[in-house]
Amino acid sequence: MTSIHRHYNVSSANALHVYAFSVHFQMKVKVLSRNPDDYVRETKLDIQRVPRNYDPSLHPFEVSREYTRALNATKLERVFAKPFLASLDGHRDGVNCMAKHTKSLSTLLSGSCDGEVKMWNLTKHDCVRTLQAHEGFVRGIVVRYCGTSFFTVGDDKTIKQWKMEAPGYGEAEEPLNTILGKTVFTGLDHHQKEAVFATCGQQVDIWDEQRSSPIRSFTWGVDSFSSVRFNPVETELLASCASDRSIVLYDMRESAPLKKVIMTMRSNTLCWNPMEAYHFTCANEDYNLYTYDMRNLDRPFMVHMDHVSAVLDVDYSPTGKEFVSASFDKTIRIFQKDGGHSREVYHTKRMQHVICVKWSADNKYILSGSDEMNIRLWKANAAEKLGVLAPREKQAINYNQKLKEKFQHHPQIRRITHHRHLPKNIYHQTKELRIMKEARKRKERNVRKHSRPGTVPVVSEKEKHVVTVVK
Amino acid sequence: MAKVSKAKMSKKVFKKSSEVTVNSTALKPEVVYDDDDDLKGADEEIISEEEDGEDERKRQHLLEAISALGGKRRKALGERSEAAVQMSEFMVNAEDESERVELSDLIQIIEKTSTVPAKTKKQLKNLQRSKTIECPLSKQESERIQRDVAFQKAATDISRWKSIISQNQRAEQLMFPLNQEPSGPKPMERVVTGWKAQTPLEQEIFALLSANKQPINDPILTPIEQASMRAMSLEEAKVRRAELQKARALQSYYEAQARREKKIKSKKFHKVQNKAKRKEFLKQFDEMVKTDPAAALEELNKMEVARMQERMSLKHQNSGKWAKSRAIMAKYNEGARKAMQQQLEVNKHLTQKLVTSLNGDDEEEEEAGDPELLPDFVNDAEQDLDSSNPWMRGRLSEDPTEEEANSDTVGLTTEQSGGMEYIAEEEEKVEETEDNVILREFDSRRKLRQALETDTAVEMSVDEEEEEESKAAAEDGYASDKEEERLCEFTNLFHEIVEGQSRVEGAGDAGRTDTSTQLEAEVIRIRTLGSVELLTQDNSATDKVHVESQKPLSTENLPSTTQKAGKSRKRKKKIQLKEVLTKETKVMKVLLAPTIEASEELEEKLDQRGLIKEAFAGDDVISEFLKDKRKQEDVGTSKILDLTLPGWGEWGGTGLKPSRSKRRRFRVKNAPPPPRKDQHLPSVIISEKRNSFISLHQVNSLPFPFENHTQFESTIRSPLGRTWNTERTVKKITKPKVVTQLGTIIEPMAQEELVKVKVSAGKNSCVDSLKIKY
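Conventions used here
Residues numbered from 1 in each chain as written. Chains lettered and ligands numbered in written order. Predicted model: local features only at pLDDT ≥ 70, side-chain atom pairs only at ≥ 80, totals over all residues. Heavy atoms only, no water. Helix = DSSP H or I, 4+ residues; strand = E, 2+ residues; numbered from the N terminus. Buried < 20%, exposed > 50% of the residue type's maximum accessible area, 1.4 Å probe, protein only. Contact = heavy atoms within 4.5 Å. Areas by Shrake-Rupley, 256 points an atom, 1.4 Å probe, with all protein chains shown as cover. pLDDT = per-residue confidence, 0-100. Polar contact = N/O pair within 3.5 Å; in protein donor to acceptor, adjacent residues only side chain to side chain. Pairing = 2+ DSSP bridges. Axes fitted to C-alpha atoms, helices over the stretch in contact; angles between N-to-C directions. UniProt positions renumbered as here; feature names shortened; annotations may be inferred. Patch = residues over 30% accessible without salt bridge, like charges linked within 9 Å, V, L, I, M, F, W, Y side chains within 5 Å. Salt bridge = Lys/Arg side-chain N within 4 Å of Asp/Glu carboxyl O. Lys, Arg positive; Asp, Glu negative; His and termini not counted. Charge placed at Lys NZ, Arg CZ, Asp CG, Glu CD. Parallel < 35°, antiparallel > 145°, perpendicular 65-115°, else oblique. Nonpolar A, V, L, I, M, F, W, Y, C, P; charged D, E, K, R; others polar. Phe/Tyr/Trp six-rings, centres within 6.5 Å; stacked < 30°, edge-to-face > 60°.

(A) Looking closely at the overall build of chain A. When helices and strands are tallied, chain A shows six helices and 31 strands. Buried positions account for 48% of the 471 residues belonging to chain A. Partitioning the intrachain contacts of chain A with sequence separation of at least 6 by distance along the chain shows that 48% fall at a separation of at least 24. Of the roughly 23400 Å² of accessible surface on chain A, 53% is carried by carbon and sulfur atoms.

(B) Spotlight on the overall build of chain B. Across its full length, chain B carries 37 helices and four strands. A burial count over chain B gives 26% of its 774 residues as buried. Of all intrachain contacts in chain B linking residues separated by at least 6 positions in sequence, the fraction that spans at least 24 positions is 64%. A total of about 56300 Å² of accessible surface is found on chain B, and carbon and sulfur atoms cover 57% of it.

(C) Region of interest: the confidence of the model for chain A. In the predicted model, chain A carries a mean pLDDT of 91, and 94% of its residues have values of at least 70. Low confidence marks residues 1-24 of chain A, where pLDDT is under 50. Its contacts with residues over four positions away, or in another chain, come to 51 contacts.

(D) Quick peek at the side chain of S240 of chain A. Residues and elements named next belong to chain A. Note on placement: S240 falls in strand 17 (residues 237-242). Relative accessible area serves as the criterion here: at 0%, S240 is assigned to the buried category. Within the local environment of S240, its side chain forms a polar contact with the side chain of Y250, the two groups lying 3.1 Å apart. Ignoring sequence-local partners within four residues, the contact set of S240 consists of V204, F225, S227, V228, S246, I247, V248, Y250 and L270.

(E) Here's a closer look at the pairing of strand 6 (residues 116-121) of chain A. Residues and elements named next belong to chain A. Judged by how many residues are buried, strand 6 sits mostly within the fold: six of six residues are covered. Neither face of strand 6 is open: one carries E116, K118 and W120, the other V117, M119 and N121, and all of them are buried. Pairing between strand 5 (residues 107-112) and strand 6: five bridges, direction antiparallel. If you follow L108 over to strand 6, its bridge partner there is W120. In sequence, strand 5 turns back onto strand 6 through a hairpin of three residues, with G115 there showing a positive phi of about 85 degrees. Inspection of the sheet shows strand 6 paired to strand 7 (residues 126-132) by six bridges, in the antiparallel sense. Bridge pairing in strand 7 places E116 opposite Q132. The turn linking strand 6 back onto strand 7 is made up of four residues, and H125 within it adopts a positive phi angle of 55 degrees.

(F) Inspection of the pairing of strand 15 (residues 214-218) of chain A at higher detail. Residue and element names in this part refer to chain A. Bridging between strand 14 (residues 204-208) and strand 15 involves four bridges; their strand directions are antiparallel. Across the sheet, the residue bridging to V204 is F218, located in strand 15. Adjacent in sequence and paired antiparallel, strand 14 and strand 15 are bridged by five residues.

(G) The sheet that holds strand 28 (residues 354-359) of chain A, seen in detail. All names here are of chain A. Pairing is antiparallel across the open sheet formed by four strands, whose spatial order is 3-30-29-28. Each edge of the sheet is formed by a strand with only one pairing partner; in this case those strands are strand 3 (84-89) and strand 28. This sheet shows a mean twist of 20 degrees between the axes of neighbouring strands, independent of strand direction. Taken together, the five bridges between strand 28 and strand 29 (residues 365-370) define a ladder with antiparallel strand orientation. When the sheet's bridge partners are listed, C356 is paired in strand 29 with G369.

(H) How the structure looks around the UniProt feature "repeat: WD" (unreviewed entry) in chain A. Feature annotation in UniProt places "repeat: WD" (unreviewed entry) on residues 88-130, 304-336 and 347-388 of chain A, given in this structure's numbering. Helix makes up 0% of residues 304-336 of chain A and strand 55%. Its end C-alpha atoms lie 9 Å apart.

(I) View of a negative patch on the surface. All names here are of chain A. Taken together, D37, D38, E42 and D46 make up a surface patch of like negative charges. As for its position among the elements, E42 is in the loop between helix 1 (36-39) and helix 2 (62-80). Residue E42 is classed as exposed on the basis of its relative accessible area of 76%.

(J) Examining the packing of helix 14 (residues 267-291) of chain B against helix 15 (residues 293-312) of chain B more closely. Residues and elements named next belong to chain B. Packing of helix 14 against helix 15 brings their axes to within 6 Å, and their N-to-C directions diverge by 135 degrees. Taken together, the axes of helix 14 and helix 15 are oblique relative to one another. Counted together, F281, F285, M288, V289 and T291 of helix 14 and P293, A295, A296, E299, L300 and M303 of helix 15 form the full contact between these two elements. Tallied by class, the residues present in the contact of helix 14 with helix 15 amount to nine nonpolar, one polar and one charged.

(K) How the structure looks around the packing of aromatic side chains. Residues and elements named next belong to chain B. For the structure shown, the criterion picks out 13 aromatic pairs over all chains. Relative to F285, the ring of F281 has its centre 6.2 Å away and its plane inclined at 25 degrees; by these criteria the two rings are stacked. With F281 and F285 both in helix 14 and four residues apart, the pair spans about one turn of that helix. Among the residues examined, F281 registers a relative accessible area of 29% and is labelled partly exposed.

(L) Representation of unusual backbone geometry. Along the chain, F176 of chain B connects to P177 of chain B via a cis peptide bond; the corresponding omega equals -5 degrees. When you line up the elements, P177 of chain B lands in the loop between strand 1 (174-176) and helix 10 (188-194). Residues other than glycine seldom take positive phi values, yet F61 of chain A does so here, at roughly 60 degrees. Tracing the backbone through its elements, the reader meets F61 of chain A in the loop between helix 1 and helix 2. In this model, H125 of chain A sits at a positive phi of 55 degrees, which is unusual for a non-glycine residue.

Structure, rendered in structure tokens:
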């Protein structure tokens, strides 16, 4: 039945009487009730379930809030951008060439201008082994696909094969194989899967490892070649850069080369995209890099500009999304494979002309060898946190990345992301080049304006640098 | 040069109509001519051939002499071994038409000789048919063609990768290394199915197992065993089916019967039925106690639960429709009274607390000691203090002294209600007296304490009022049922409280005689007392009552108003929950402690609005805003510019005004600006000026991949964060484009990828075709 509980409190201080009625009826009372299964976690290792209300009216100003977050993320990225990791010193002359180990991430080989080859342990930042491979420059170095041995070529007209393991105590450091060539070799590359390697010098030679004479030599006109590279995907194809400003394509199975494109200036090296079989990028003397589609050499697929001096080396990231280039202007730049300008530039005060550059096989690091005898280790993503990340950290990073992508066109964010401090000379050189380019453009425009329509055609930047394609 | 001469040469040969074709010359071109000098000589010789032999010889000598003079060494011509009349540097000698060698002749010979292979024969025959063959290409050109062909081949070869490359470019996420096995535990099925016998021993074993149809994956039963397990004889199956059928039929019969019985309206029938059931159950239970005590205990527990449920419910409490009708009848009908009594007994029986009956006293003592867990009747002792509580009166555990004090009311009510309820109550009282003896002690003590503390005067007056009121209520004589009366009393009382409140207020406003102010006060009162009261059905009636009571405030004929209110309430049998529960405690305070009315009034005034008003008393925000807005509007409106200058084209000087025509001419009126956006919004100022601070952060032009700005805006508008999206969506949206594994070498794309893509593409195309079909 009905009853009343009456609580009667008396506060003696001011004699205020407070009464509260609470009426208890014996009836059904609807109470808020929740199933504990909905909010109690099963074990303490589970994440605490947090009920959320996603009603947009409760969370207003989403754009401005996310914009602020993006701005902060961008700023923080610049704050944490510390790409330089270590410098490996020990060479007694400029580092002329480098090679990644095919099976071990922590091993690096480098050859210097005094004929010395050094093997490095990257985790320890330490030189593991040193050998005098050649007299004069070590021109090229490459690791066999199985990772058990490596080849070097030098100015002493020899090709040498070396064991990867260091010789035992008391054993002399001797090559497994030595091939005496007729001319100087300037470049070297190994086939991806077979016991075949290619050298270049006066001509491009394909060698069988078992033989002392080349199984095939390609010549096309009289010139010297500066670099030769096997296609890592379509493994029978090669490309080489010649001193007559041309890039020549070869098929190992054919007796003659395939095609040649002549550019306005000489290409120093080239690199095939490891994930896109028909794309390669060449580092040119005219400060630019050109990405070509092998099937269409008439015009490059993309022109990558930003360097202010000759580009000496290029290497693709193993994901094939980006590549790194080394230049005579003492900087390294990272380009998107389809981006006209670099996304990143690395330089230090002491780094001189960068001669060779490599992108590590785990897509995390960049290695650069330069004139002043040092090899430098860089992060591929300047602001990336190295090591194992907690899941929440990872999520936050992903979210920030997406935010930056989303708001990348906003002027403030763009300004901050693109801002880089450059050495004075590079900065001024860049400015000068820009002015020159503008002037040239303006002149062309004027010429066009004052001549009969159609006589001065508009030539795109991509077409400008190709002279001819020779079949 | 060489090419040209060669062409000439061949022409000459044709002139001489030696039918030896170019083919032969082409086969051995080097034999024919090498040098230009030779060629010259040859030309001459060809001419000389047509002359007679002697001249020929002389000339030959001469030429030899000349050539010897030149000192140049001539290349020896090819030697001829054929028997011929005349020799020439051409291998074929054909002086006459008749002596000409025809190709057909050669072929004939060849056909005769069996040693010549059939292939050559065929080639020769073909040659016979064809007329000429073009000269071979130069080395450079042929090489170029070779290169071109090779390049085409390579290009088509490499184009195989196109699909996978474009697919990777389009992919939302790429995981490197590409050919990676997904980490983590794999499902058992996949492991089992993926495993293959590799060693010869394993292969042998598996061959044996499969040959004998032995289980490989799930080693429980062989297929044969399973089949035998599943099998059942026909007879068995038939019997089983029949059983099932029977069971189903019986069930349906029972269901139909139950439904029929349920529909029967006769109470007597159900009563009998229930009784029978109960008897049956008891019998069974007795038996069960003997045979299966555990089950009996379970039954008991069930009963207990049923009882508990009953206790919780409102059944058997004389509150149902039937009970109420019985209550009305009870006055006149003995049977009805009996029935009600019976029900109450049932209720009592059910609501008895079984376990506590053993040591209930102690527990109740404890409960009484605990101020928070007081039983209902413990608080009853306070009744005299809070006379407005209707439950406190005439209820079970009243103090005997108080009962005496209230005896007149109780007596009246009991007399009228016919005593039936009274009897029941008395019975209960007898039961509870033992408990109450102890409790009353507590009560008396508490009362003493309270009496000391509270204002006795107030208490007295309240008591008096209450008595008066209760008397009036008794005089009404409407109440026929005790319960009903009680409920009504409660509501009455409640209204009385309301009245009291109003009275207090009236007292506060006593100075003011103006009726309008009184009315205002009334309005405030209504508001403060809570809108719930206004919401009740007959609020209008009560309001009227109140207003009436307010007007002759000084006279205060309270009883009559309460009577009226009581009347209006009588119709309702239940306590109106809303009305009671939502009342504020303030009301009660006023009633009991009129001394604090001033502070109470203050509190009333200090509601939100008042507070804000008080806080911003000084500044007139609204007028300021309006002024501001007008200023903004004025800035925008066009102003008339007067550009007239005195003196120009007219007389100048002090006191002279420019002429009207001039003024009209030099008055410039700007075009009115476009209408403001806020012109119809009185409480808003919309500034249409460009904000430079914001524009710093705004995108000026449409960025590249977007085609129109709605597209761009929509991408910007959709949030990514977990504040706006569910966990899963966030994970999906913020997936990174490239995922690499720490410390893993990423190999270049391998040929296997191509195969994989092909397979998947095949599958997709299959799916697509299926989709098209349906």
